[in-house]
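Structure at a glance
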Amino acid sequence: MEFNGNPGDLMELSAVQYNDVMEILVQRVLEQRVTGLLDKLLVKPSLVNLPPMEEGGLLLYLRMLAVAYEKTQELARDLRAVGCGDLDVEGLTESLFLAHKDEYPEHEQASLGQLYHAKKCVLKTSIYLNHLGPLGAQKELL
């Protein structure tokens, strides 16, 4: 029997046909919908012109990447539990992140450099204000 979209037809599908249908459905959802969402959420920041720390810097991108990866893996486990035929859901979800994983070390290193530079600026400002003393710091801030 061929599945033509009628809900009643699902009742007549054999277990093998059901697994085939679920495999195709899950594969399409992951490849189309999840990929589309990831593309919107995970816009790779430039390593030449780093995003400003006031907007979260590179760390924001890395945190979003980590959460997206974790939630996508969670979705894969849930889909596996529901059943999706012989589809390697974990492998497919892993492939969605290949481009991000390949460039992760460079983004992580740039983020650490950005955080180091920001902390260094805060410390320099703190030392400068301490050098001025309480009254000098108040005058300087005014």
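Definitions and limits used
- Residues numbered from 1 in each chain as written.
- Predicted model: local features only at pLDDT ≥ 70, side-chain atom pairs only at ≥ 80, totals over all residues.
- Heavy atoms only, no water.
- Helix = DSSP H or I, 4+ residues; strand = E, 2+ residues; numbered from the N terminus.
- Buried < 20%, exposed > 50% of the residue type's maximum accessible area, 1.4 Å probe, protein only.
- Contact = heavy atoms within 4.5 Å.
- Areas by Shrake-Rupley, 256 points an atom, 1.4 Å probe, with all protein chains shown as cover.
- Phe/Tyr/Trp six-rings, centres within 6.5 Å; stacked < 30°, edge-to-face > 60°.
- Patch = residues over 30% accessible without salt bridge, like charges linked within 9 Å, V, L, I, M, F, W, Y side chains within 5 Å.
- Salt bridge = Lys/Arg side-chain N within 4 Å of Asp/Glu carboxyl O.
- pLDDT = per-residue confidence, 0-100.
- 1 Å grid on protein atoms, 1.4 Å probe; cavity = no way out; pocket = protein on both sides within 12 Å on 5 of 7 lines; lining within 4 Å.
- Points joined across faces, edges and corners; volume = space filled by probe spheres on them.
- Nonpolar A, V, L, I, M, F, W, Y, C, P; charged D, E, K, R; others polar.
- Core = buried A, V, L, I, M, F, W, Y, C linked by side-chain atoms within 4.5 Å.

The helix and strand inventory of the protein chain stands at 5 helices and 0 strands. Counting from the amino terminus, the protein chain carries its helices and strands in the arrangement α-α-α-α-α. Split into buried and exposed, the 142 residues of the protein chain put 24% on the buried side. For the protein chain, restricting intrachain contacts to residue pairs at least 6 apart in sequence, the fraction spanning at least 24 positions comes to 66%. Put simply, the protein chain shows about 10200 Å² of open surface, and 60% of that area lies on carbon and sulfur atoms.

Before going further, it helps to examine the packing of aromatic side chains. Inspection of every chain in the model, using the stated rule, returns 1 aromatic pair. Taking 5.1 Å as the distance between ring centres and 80° as the angle between the ring planes, the aromatic pair formed by Tyr69 and Phe97 counts as edge-to-face. Here the residue Tyr69 occupies a position in helix H3 (residues 57-82), and Phe97 occupies one in the loop between helix H4 (89-95) and helix H5 (98-141), the gap between them amounting to 28 residues. Of the residues examined, Tyr69 reaches a relative accessible area of 28% and is grouped as partly exposed.

Now for a nonpolar patch on the surface. A cluster of nonpolar side chains, namely Leu37, Leu41, Leu60 and Met64, defines an oily patch on the protein surface of about 360 Å² accessible area. Elements with a minimum of two residues in the nonpolar patch: helix H2 (15-41) and H3.

Mean pLDDT for the protein chain: 79, with 81% of residues reaching 70 or above. Mean pLDDT across the secondary structure elements of the protein chain bottoms out at helix H1 (residues 7-12), with 57, and peaks at H3, with 88.

Moving on, we get to the layout of surface pockets. Gaps between atoms show up when a probe of the same size as a water molecule is rolled over them. Estimated volume of the largest pocket: approximately 210 Å³. Among the elements that take part in the lining of the largest pocket, H3 stands out by supplying 6 residues, more than any other. Among the residues making up the lining of the largest pocket, the classes are represented as 9 nonpolar, 1 polar and 1 charged.

A complete count under the given rule lists 4 salt bridges for this structure. A salt bridge links Lys71 to Glu74, with the nearest nitrogen and oxygen atoms 3.9 Å apart. Placement of the pair is Lys71 and Glu74 together in helix H3, with a separation of 3 residues, close to one helical turn. With a relative accessible area of 48%, Lys71 lands in the partly exposed category. In this structure Glu74 comes out as partly exposed when scored by relative accessible area, which is 33%.

All right, on to the environment of Tyr69 then. Along the backbone, Tyr69 and Phe97 are 28 residues apart, and their C-alpha atoms lie at a distance of 7.5 Å. If sequence neighbours within four positions are ignored, Tyr69 has contacts with Glu94, Phe97 and Lys101.

Right, let's talk about the nonpolar core for a bit. Among soluble globular proteins, nonpolar side chains are generally buried collectively. By size, the foremost hydrophobic cluster in this structure holds 17 residues, and its most contacted members are Val26, Leu30, Leu38, Leu42, Val89 and Phe97. Those elements that place two or more of their residues in this core are H2, H3 and H4. Of the residues forming this core, the biggest block, 6 residues, is contributed by H3. Among residues more than four places away in sequence, those in contact with Leu30 are Thr35, Leu75, Leu79, Val89, Leu92, Thr93 and Leu96.

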